[in-house]
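# A closer look at the structure
Next come the chains, spelled out residue by residue.
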Amino acid sequence: MDALDCPDGSISTPVRSQSTTAVQAFALLNNAFVIRQCEHIAARVKMDTPDGAEVAHAYRLLLQRPPSTDELKRLTDYTQKHGLANAIHVIINSNEFLHLD
């Protein structure tokens, strides 16, 4: 969690500094913990959607919205080639997942 600049929970701070570094992006792409969590999410999505609508369910679960037609088609194609866990990894590394507006 050091790469993500997590605050020390034992110290009270009125304002937390913000930082964005390349190390943070690589942590989300290559970190074994993140990859394992994507596999857990994929298992949950498969269990929750027996009808084959995994990609749409993953979007609703992770981004709190349904995918657009183009997003659904692209990620479904990606899922067929690389698997659902990798597709979830793509969503988790998306700008929309990482940043609040």
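The structure this text deals with has already been given above.
Everything in this summary refers to the structure shown in the same document. (Residues numbered from 1 in each chain as written. Predicted model: local features only at pLDDT ≥ 70, side-chain atom pairs only at ≥ 80, totals over all residues. Heavy atoms only, no water.)

## Some details on the overall build of the protein chain
Each helix and strand counted, the protein chain has 6 helices and 0 strands in total. Along its sequence from the N terminus, the protein chain presents helices and strands in the succession α-α-α-α-α-α. Of all 101 residues assigned to the protein chain, the portion counted as buried reaches 24%. Taking the intrachain contacts of the protein chain between residues at least 6 apart in sequence as the baseline, contacts between residues at least 24 apart amount to 46%. (Helix = DSSP H or I, 4+ residues; strand = E, 2+ residues; numbered from the N terminus. Buried < 20%, exposed > 50% of the residue type's maximum accessible area, 1.4 Å probe, protein only. Contact = heavy atoms within 4.5 Å.)

## Focus: the side chain of Thr49
The topology assignment puts Thr49 in the loop between helix H2 (32–48) and helix H3 (54–63). Judged by relative accessible area, which is 8%, Thr49 ranks as buried. Separated by 2.6 Å, the side chain of Thr49 and the backbone oxygen of Val45 make a polar contact. Once you skip the residues sitting within four places of it in the chain, Thr49 turns out to touch Glu54 and His57. (Polar contact = N/O pair within 3.5 Å; in protein donor to acceptor, adjacent residues only side chain to side chain.)

## Examining unusual backbone geometry
Backbone geometry at Gln64 places phi at a positive 60 degrees, although glycine is not the residue there. In this structure, Gln64 sits in the loop between H3 and helix H4 (69–82). For Gln64, a relative accessible area of 66% puts it in the exposed group.

## Focus on the nonpolar core
With 16 residues, the main nonpolar core has Tyr59, Leu75, Ile88 and Ile91 as its most contacted residues. Only H2, H3 and helix H5 (84–92) provide two or more residues apiece to this core. With sequence-adjacent residues up to four places away left out, Ile88 is seen in contact with Cys38, Ile41, Ala42, Val45, Ala58 and Leu62. (Core = buried A, V, L, I, M, F, W, Y, C linked by side-chain atoms within 4.5 Å.)

## Description of the environment of Arg65
Topologically, Arg65 is positioned in the loop between H3 and H4. Note on Arg65: relative accessible area 22%, which makes it partly exposed. Apart from the residues within four sequence positions on either side, Arg65 is in contact with Tyr59, Arg60, Glu71 and Glu96.

## Description of the packing of H4 against H5
At their nearest, the axes of H4 and H5 sit 7 Å apart, and the two run at 135 degrees to each other. Taken as axis vectors, H4 and H5 run oblique relative to one another. Within the contact between the two elements, H4 uses Leu75, Tyr78, Thr79 and His82 and H5 uses Leu84, Asn86, Ala87, Val90 and Ile91. Classifying every residue of the contact of H4 with H5 by side-chain character gives 6 nonpolar, 3 polar and no charged. (Axes fitted to C-alpha atoms, helices over the stretch in contact; angles between N-to-C directions. Parallel < 35°, antiparallel > 145°, perpendicular 65-115°, else oblique. Nonpolar A, V, L, I, M, F, W, Y, C, P; charged D, E, K, R; others polar.)

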